Amino acid sequence: LITLSAKYKNDAITVAGGYNFAGEAYGYFDLKTVPNLTFNVEVNYLDKDISDSKNDKGKDIANTTIWEQVGYNFAETGLPLEAGIYCGQRIVEDDNVFEFYPYLSYELNEFVTPQLEVGIIKYADKDRIDNDGDDYSTTYSITPTLKLTPCKNTTVRVYYNYDKEEKHAVGTTLKVTF
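Reading the values: rules and limits
Residues numbered from 1 in each chain as written. Predicted model: local features only at pLDDT ≥ 70, side-chain atom pairs only at ≥ 80, totals over all residues. Heavy atoms only, no water. Helix = DSSP H or I, 4+ residues; strand = E, 2+ residues; numbered from the N terminus. Contact = heavy atoms within 4.5 Å. Lys, Arg positive; Asp, Glu negative; His and termini not counted. Charge placed at Lys NZ, Arg CZ, Asp CG, Glu CD. Phe/Tyr/Trp six-rings, centres within 6.5 Å; stacked < 30°, edge-to-face > 60°. Buried < 20%, exposed > 50% of the residue type's maximum accessible area, 1.4 Å probe, protein only. Pairing = 2+ DSSP bridges.

## Quick look at the overall build of the protein chain
- Looking only at helices and strands, one finds 0 helices and 11 strands in the protein chain.
- The order of α-helices and β-strands along the protein chain, N terminus first, is β-β-β-β-β-β-β-β-β-β-β.
- Summarising its shape, the C-alpha atoms of the protein chain cover approximately 55 × 45 × 30 Å along the three principal directions.
- Taking as baseline every contact in the protein chain between residues at least 6 positions apart, the subset at least 24 positions apart corresponds to 28%.
- When the 17 basic and 28 acidic side-chain charges of the protein chain are each reduced to a single mean position, those positions are 4 Å apart.

In structure tokens form, the structure reads like this:
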């Protein structure tokens, strides 16, 4: 498949975008002009021929997903806290989804950082009923995480995730930078 893409980056911004001739397009914007502020937007579009989304009639439909992140790191003020929010929208013909994930991260020391993320997900389709007859057009999740940094190039995260549908998960991630 042929993909065309472009990227521009300087000290203030990063802009990227591309198109895959199978029917996928993406765009990205990152603003770096305010110290300690994180602000970025990512957009992805999938044509109906490659999207796995279907409308209420079972027909293939296009799918657009948009993610934004705004956060601030307060470390330079003497408070080892980072706070922000991820927001996501999935835009499809019959069932748009809006997601909000506020997060906090507090660095106790250079090795241990507790983190908390709360997810709130709102489905535009108000007819979402689970097997027990309960409405789940709005749902939430809570994810406490313990981030461990045993050395400069290694990060371990241990987390527990609880959501309204009682889909609990315990997990860990390991990131090593070479």
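So much for the structure itself; the text now carries on.
## Quick notes on the packing of aromatic side chains
- In total, this model carries 6 aromatic pairs according to the counting rule given.
- On the numbers, 4.8 Å between centres and 70° between planes, the contact of Y72 with F74 is edge-to-face.
- Owing to a relative accessible area of 27%, Y72 belongs among the partly exposed residues under this scheme.
- Where Y86 meets Y103, the ring centres are 5.1 Å apart and the plane angle is 35°; that geometry is what we call tilted. With Y86 in strand β6 (residues 81–91) and Y103 in strand β7 (residues 97–106), the pair connects residues that are 17 residues apart, well separated along the chain.

## Re the pairing of strand β1 (residues 3–9)
- Among the 7 residues in β1, 0 count as buried, and that is only a small part of the element.
- The sheet contact formed by β1 and strand β2 (residues 13–20) spans 7 bridges and is antiparallel. Opposite S5, over in β2, you have G18 as the bridge partner.
- The turn linking β1 back onto β2 is made up of 3 residues.

## Some remarks on the side chain of T145
- Looking at where T145 falls in the secondary structure, it is placed in strand β9 (residues 138–151).
- Discounting residues that sit within four places of it in the chain, T145 has contacts with T113, P114, Q115, R157, V158 and Y159.

## Observations concerning the environment of N55
- Mapped onto the elements of the fold, N55 is located in the loop between β4 (37–46) and β5 (63–73).
- Separated by 29 residues in sequence, N55 and Y26 place their C-alpha atoms 22 Å apart.

## Topic: the pairing of β9
- Pairing geometry for strand β8 (residues 112–123) and β9, over 11 bridges, is antiparallel. Of the residues in β9, the one forming a bridge with G119 is S141.
- Strand direction decides the pairing type here: β9 and strand β10 (residues 154–163), joined by 7 bridges, are antiparallel. Bridge pairing in β10 places L148 opposite V156.
- The antiparallel pairing of β9 with β10 creates a hairpin that spans 2 residues between the two strands.

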